[in-house]
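Given next are the chains, with one letter for each unit.
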Amino acid sequence: MIIAELAQAHDGSLGTAHAYIDALAETGVDAVKFQTHIALAESSVYEPFRVKFSKQDATRFDYWKRMEFSLYQWKELKAHCDEKGLEFISSPFSNLAVDWLEEIDVKRYKIGSGEVSNWLMLEKIAKTGKPIILSSGMSSWEEIDSTVNFIKGYGNELSILQCTTAYPTRPEQWGLNVIVELKNRYQIPVGFSDHSGDIFACLAAATLGAELFEFHVVFDKRQFGPDTPASITIDQTREMVKGIRQIQTSLTHPIYKDRIESFQELKKIFEKSLAINRPLKKGEILTSACLEAKKPKGYGIPAKDFELVLGKKLSRDLNQWDFLNWDDLEQG
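Residues numbered from 1 in each chain as written. Predicted model: local features only at pLDDT ≥ 70, side-chain atom pairs only at ≥ 80, totals over all residues. Heavy atoms only, no water.

- An unreviewed UniProt entry lists the protein under the name N-acetylneuraminate synthase, with Algoriphagus boseongensis given as the organism.

Written as structure tokens, this is what we have:
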């Protein structure tokens with residue numbers, strides 16, 4: 001599953017949110033992910049800014065208020081995704097948000113890194129019986145173990161994402177090694193949540209067998225918003241999706257190097273036969289200096305057998321560029 005996350009890229013504009021859905025429908029992603037923020041239910045005036053980016057919001061609480069959509073508007077966004085053949089996903093940040101998403105009838109839940117320890121909300125989600133995608137960005141192995149076991153106790157289909165909570169994430173922070181560790185540790189589908197701001201981390205994760213991909217998108221890397229430095233553009237999304245799909249196809253079609261039957265005709269064309277690079281008389285002794293290898297294969301001694309002819313005498317005259325065959329050599 002390839003999930004394009006809008007998060008707050010819409011900057012509180014319903015029209016912009018709908019425009020993103022239209023644009024992403026042309027990129028090949030499977031789902032569009034929002035974040036359902038209800039300021040009064042999830043936050044307070046005491047919450048500090050992660051990054052003080054906004055000149056119009058006095059507090060982060062004010063920012064969440066400005067990012068809110070009504071339940072009716074969320075239903076419109078969900079209907080638009082359905083119309084475009086995209087799965088609507090949204091991360092809840094409060095129990096009230098879960099209630100809204102249930103009314104919208106989402107198919108699955110994505111749990112953000114900061115909510116891994118919010119077992120109050122996780123229990124509510126788990127009781128829906130729906131699949132859960134768990135992000136691991138800020139959690140230790142002990143914390144992830146506890147939450148995975150907590151969710152598994154309810155029997156939900158569970159997958160987990162390697163994620164580094166840094167915006168943007170530098171290459172030394174990607175943590176690609178964790179993908180294999182997660183697979184071995186939990187034996188569940190594992191993916192990669194990217195905040196690098198480029199396409200390379202997800203492509204690398206695909207080569208390591210990641211099965212889910214989540215990344216932030218923006219229309220333009222110069223636009224306003226806290227996640228812009230960690231996002232990719234719509235055009236980059238299209239290229240990355242193409243790359244992920246091709247990598248996944250490759251991984252499910254292993255090549256066995258001993259199976260070369262299909263190359264036999266090509267080998268005749270590309271492989272070479274020994275030839276003479278200057279006129280030689282009968283009786284002359286062959287050295288490396290008078291040999292060349294020419295296409296195609298099968299018109300002379302195979303080039304790989306050149307050592308077998310060194311020191312041999314010619315049994316007849318040869319012209320420059322003539323192929324060299326075994327009957328051109330004196331026997332004995």
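Section: the pattern of salt bridges
Okay, step 1: Evaluated as defined, the whole model comprises 23 salt bridges.
Okay, step 2: Among the ionic pairs, Arg108 bridges to Glu87, the shortest N-O distance being 2.7 Å. Linking Arg108 in the loop between helix H5 (95–104) and strand S4 (109–111) with Glu87 in strand S3 (residues 87–92), this pair joins segments that are 21 residues apart in sequence.
Okay, step 3: A salt bridge links Glu172 to Arg170; the shortest N-O distance between them is 2.8 Å.
Okay, step 4: The structure contains a network of salt bridges with shared partners spanning Asp11, Asp57 and Arg66. (Salt bridge = Lys/Arg side-chain N within 4 Å of Asp/Glu carboxyl O. Helix = DSSP H or I, 4+ residues; strand = E, 2+ residues; numbered from the N terminus.)

Remarks on the environment of Leu212
Okay, step 1: Among the structural elements, Leu212 can be located in strand S8 (residues 212–218).
Okay, step 2: Of the residues examined, Leu212 reaches a relative accessible area of 8% and is grouped as buried.
Okay, step 3: Sequence separation between Leu212 and Ile160 is 52 residues, and the spatial gap between their C-alpha atoms is 8.7 Å.
Okay, step 4: Those residues in contact with Leu212 that lie beyond four places of it in its chain are Met1, Ile133, Ser159, Leu161, Pro189, Val190, Gly191 and Phe192. (Buried < 20%, exposed > 50% of the residue type's maximum accessible area, 1.4 Å probe, protein only. Contact = heavy atoms within 4.5 Å.)

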